[in-house]
Amino acid sequence: MLITLTTEQQAWGFVCGQVAVLEGGLLPRDFFHALAGVERQDDLLHRLQDTPLREYVTPGAGWEEWNDVIDRHFYQQMREIRANSPVGTLSAMFLLGGDYLNLKRAVLGRHEFPFEKSLFTEERLHAAASGDYALLPAETRQALMRLGGAAGADPAQVRAQIDLVLDGAYLRHMIQLADQMAVPLISAYVSDYVLAKGVALLLRLHAQGGIQSRQIEDLFLPVGEHTHVLRSLVAAGDPKNWASIVPGPVGDAFRAVLEQPEDQWAAQFELLAANHLMRYARQGKLQTMGPERVAAYFVGFRSQAYNFKLVVSGRFNGLDPEVIRRRLRECYV
């Protein structure tokens, strides 16, 4: 179902023009299919030099540096678009995942933060790494308070608890930013994104040995309108019992993976959910002048970065081309 696009959004005119130009650097799925089949490493690197990534390559760079090249390309374009956007909320939404990955490192006491710093500055992260959360937003501090009592526990258990707490905080933050935007298409995208992330998290916990309902309730929930769905999944136990619980197109993606081997459920679900979310981007691309057009580009650009990393790391690690192709996400063009 098509969602009505906003109108009278002249303030977004310049950045939408910028996005229209940048869209020329987005590559079709056929390109990645062909790239996955390149046999020689030198030929693969040569093909990459013919893409927009070439501007970010250090002369003489080896293949090990290509993930960093992809990240530099991604963050540079995000910064350029953010600089020309009438509000920073939209770009913050698509950089938020990196913010929370940086914060996870800080809460673990580390002082190296490799991801773009959008909402959590270097100062805030270093303070958090030293155990001082005072500079973080109130909602994030409240989430971290749930970790009380984790001291002295097994390090793996502590990391798992930090992951749950900050994954929940991240999704609530996404919802908050979408509410600030108040754009129907973006709100619908975030709603399905949050549901898909929640289902994927529960699938991975199941694969790791089981879902502890108390931990999910105490550390991860709530996450907006889908809280009751995720609670029902936890109560249902085995994912084979979830088919009638997960709603909408995200539910369709989940039901499709039940036909796959159980050890592939989580990865296959994340792929199908990402492909579903690309449909929002294709609708947003119809917008001439508005935040939907920019959000659509962000979705497509992020998918392209994922596909680049998948192919490069897969081929250099000897992964079969057909396995790579099956894991490729839908493209914007």
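The present account deals with the structure reproduced in this document. All values derive from a computational prediction rather than experimental measurement. (Residues numbered from 1 in each chain as written. Predicted model: local features only at pLDDT ≥ 70, side-chain atom pairs only at ≥ 80, totals over all residues. Heavy atoms only, no water.)

1. Considerations on the overall build of the protein chain
At step 1: Broken down by element type, the protein chain carries 15 helices and zero strands.
At step 2: Its C-alpha radius of gyration of 20 Å places the protein chain within 12% of the 20 Å reference for a compact globule of 333 residues.
At step 3: Projected onto the principal axes, the alpha-carbon positions of the protein chain cover approximately 50 × 45 × 45 Å.
At step 4: Considering only intrachain contacts with a sequence separation of at least 6, the fraction spanning at least 24 residues in the protein chain is 63%.
At step 5: Carbon and sulfur atoms make up 50% of the accessible area of the protein chain, which totals about 15500 Å². (Helix = DSSP H or I, 4+ residues; strand = E, 2+ residues; numbered from the N terminus. Rg over C-alpha atoms; globule rule 2.2 N^0.38 Å. Contact = heavy atoms within 4.5 Å. Areas by Shrake-Rupley, 256 points an atom, 1.4 Å probe, with all protein chains shown as cover.)

2. A few points about the pattern of salt bridges
At step 1: Tallying each qualifying case throughout the model produces 17 salt bridges.
At step 2: A salt bridge links Glu-122 to Lys-117, with the nearest nitrogen and oxygen atoms 3.6 Å apart.
At step 3: Given a relative accessible area of 36%, Glu-122 falls into the partly exposed group.
At step 4: One salt bridge connects Arg-231 with Glu-217, and the closest N-O pair in it is separated by 2.6 Å. Taken together, the positions of Arg-231 in helix H11 (residues 227-236) and Glu-217 in helix H10 (residues 213-220) put the pair 14 residues apart, joining distant regions of the chain.
At step 5: Arg-231 sits in the partly exposed class, given a relative accessible area of 39%.
At step 6: Among the charged side chains, a salt-bridge network with shared partners connects Arg-40, Asp-42 and Asp-43. (Salt bridge = Lys/Arg side-chain N within 4 Å of Asp/Glu carboxyl O. Buried < 20%, exposed > 50% of the residue type's maximum accessible area, 1.4 Å probe, protein only.)

3. Structural notes on the environment of Ala-129
At step 1: Mapped onto the fold, Ala-129 is located in helix H6 (residues 122-129).
At step 2: Note on Ala-129: relative accessible area 13%, which makes it buried.
At step 3: In the structure, Ala-129 is positioned 20 residues away from Gly-109 in sequence and 4.3 Å away in space, judged by C-alpha atoms.
At step 4: Setting aside anything within four residues of it in sequence, one finds Ala-129 in contact with Ala-106, Gly-109, Arg-110, His-111 and Phe-113.

4. Quick word on the side chain of Glu-292
At step 1: Along the chain, the position of Glu-292 falls in helix H14 (residues 291-316).
At step 2: Arg-293 provides the closest opposite charge to the buried, unpaired Glu-292, separated from it by 9.8 Å.
At step 3: One polar contact links Glu-292 to Gln-287, side chain to side chain, over a distance of 3.0 Å. (Lys, Arg positive; Asp, Glu negative; His and termini not counted. Polar contact = N/O pair within 3.5 Å; in protein donor to acceptor, adjacent residues only side chain to side chain.)

5. What about the packing of aromatic side chains?
At step 1: Under the definition given, this model contains 15 aromatic pairs.
At step 2: Taking the centre distance of 5.2 Å and the plane angle of 75 degrees together, the rings of Tyr-100 and Phe-120 count as edge-to-face. On the criterion of sequence distance, the pair formed by Tyr-100 in helix H5 (residues 89-107) and Phe-120 in the loop between H5 and H6 is long-range, its members being 20 residues apart. Like Tyr-100, the residue Phe-120 is buried in the burial classification.
At step 3: Taken together, a centroid distance of 5.7 Å and an interplanar angle of 25 degrees make the contact between Trp-242 and Phe-254 stacked. Pair noted here: Trp-242 is in the loop between H11 and helix H12 (248-257) and Phe-254 is in helix H12, with a separation of 12 residues, a long-range link. (Phe/Tyr/Trp six-rings, centres within 6.5 Å; stacked < 30°, edge-to-face > 60°.)

6. Structural notes on unusual backbone geometry
Backbone phi values are negative for most residues with the exception of glycine, while trans is the configuration of most peptide bonds.
At step 1: Look at the link from Leu-221 to Pro-222: it is a cis peptide, with omega at 5 degrees.
At step 2: Positioned with a positive phi, Glu-8 is a non-glycine residue whose angle comes to about 55 degrees.
At step 3: In the Ramachandran plot, Ala-182 falls in the positive-phi region, its phi being about 55 degrees despite a non-glycine side chain.
At step 4: For Ala-182, the position within the fold is in the loop between helix H8 (155-181) and helix H9 (184-207).

7. Focus: helix H1 (residues 13-22)
At step 1: Within H1 the residues assigned to the buried category are Val-15, Cys-16, Gln-18, Val-19 and Leu-22. The buried side chains of H1 occupy one side of the element, clustering within an arc of 155 degrees when seen end-on. In H1, the exposed positions angled more than 90 degrees off the buried face are occupied by Phe-14 and Val-21.
At step 2: Residues of H1 that are buried in the fold lie against helix H4 (66-84) and H14. (Arc of directions from axis to C-beta.)

8. Topic: the environment of Ala-36
At step 1: If you trace the backbone, Ala-36 turns up in helix H2 (residues 29-36).
At step 2: What Ala-36 contacts, discounting residues up to four positions off in sequence, is Val-311, Arg-315, Pro-321, Ile-324 and Arg-325.

9. Quick word on the packing of H1 against H4
At step 1: At a minimum axis distance of 8 Å, the contact between H1 and H4 shows a crossing angle of 155 degrees. With respect to H4, the element H1 is oriented roughly antiparallel. In the crossing of H1 with H4, the sense of the turn from one axis to the other is right-handed. Residues Phe-14, Val-15, Gln-18, Val-19 and Leu-22 of H1 pack against Gln-77, Glu-80, Ile-81 and Asn-84 of H4. (Axes fitted to C-alpha atoms, helices over the stretch in contact; angles between N-to-C directions. Parallel < 35°, antiparallel > 145°, perpendicular 65-115°, else oblique. Left-handed = near helix turned anticlockwise from the far one by under 90°.)

10. Re H14
At step 1: An ideal rise of 1.5 Å per residue puts 38 Å on 26 residues; H14 measures up with 38 Å between its terminal C-alpha atoms.
At step 2: Among the 26 residues that make up H14, 22 are buried, leaving the element largely enclosed by the rest of the structure. (Expected span 1.5 Å × (residues − 1).)

So yeah, pure geometry; function would need other evidence.
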